[in-house]
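Here's the letter readout for the chains.
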Amino acid sequence: RAGIPVNQNSLLNYINNDNSMNLVEALNKKTEEKAAKSVYEKMQTAAEELSEKASAFTVTGAESLFEKAKQSGDNKELYAGVEDLVEKFNDTIKALSSSTTTLDAYYKEMLTQAARENSEALASIGITMTKSGTLSLDTGKLKEADLETLEKVLGSESTFTQKTAFVAGRVADN
């Protein structure tokens, strides 16, 4: 009988003092751990990017996206920022949905709650929430909104961007 015993305890298990697991079970466990790690790495990356995008809208002063748009008369950077924010929000919601932990479910609920609480204001600039909790962006409506409305909905005083940046930061740190 040459080879590695598949249905009996392996030398590796004896070395690790885990006599209850056979080699196949040990390999499956390692594969599951790698898959879970991959899910959390994607979640961390998505949350870090969301936190960064949301925080960019809360900057005040000369470096503010809104102040730059006022000075230049060009809203392209602001529109691109809104599109990125929506994309990163959706990436984070999807990543949180793929997790089965209670804490991640709580974070997902906190993010969707931030959008629900501000749904009327967000809708005024073309951002609506889908049934799955992700956001949808109507770029035509976004471009119709004036700069003052955009700043009111997404600027430094916005509870949506503040809460989104905060929760995304917690998800990234988790």
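Residues numbered from 1 in each chain as written. Predicted model: local features only at pLDDT ≥ 70, side-chain atom pairs only at ≥ 80, totals over all residues. Heavy atoms only, no water.

Draft legend 1. Spatial organisation of the side chain of Thr134. Mapped onto the fold, Thr134 is located in the loop between strand E1 (127-129) and strand E2 (135-137). Overall, Thr134 belongs to the buried group, its relative accessible area being 12%. Sequence-distant contacts of Thr134, defined by excluding residues within four places in its chain, comprise Asn90, Ile93, Lys94, Thr128 and Met129. (Helix = DSSP H or I, 4+ residues; strand = E, 2+ residues; numbered from the N terminus. Buried < 20%, exposed > 50% of the residue type's maximum accessible area, 1.4 Å probe, protein only. Contact = heavy atoms within 4.5 Å.)

Draft legend 2. Quick look at the pattern of salt bridges. Under the criterion given, the structure shown has seven salt bridges. One salt bridge in this structure joins Lys88 and Glu49, with 3.1 Å as the shortest N-O distance. A residue pair is termed long-range when its members are at least 10 positions apart, and Lys88 in helix H4 (residues 76-97) and Glu49 in helix H2 (residues 23-58) qualify at 39 residues. Taking the relative accessible area as the measure of exposure, Lys88 reaches 14% and is therefore buried. What emerges from the salt-bridge pattern is a single network uniting Glu49, Glu87 and Lys88. (Salt bridge = Lys/Arg side-chain N within 4 Å of Asp/Glu carboxyl O.)

Draft legend 3. Up close: the environment of Ser136. Assignment of secondary structure puts Ser136 in strand E2. Separated by ten residues in sequence, Ser136 and Gly126 place their C-alpha atoms 7.9 Å apart. Ignoring sequence-local partners within four residues, the contact set of Ser136 consists of Gly126, Ile127, Thr128 and Thr130.

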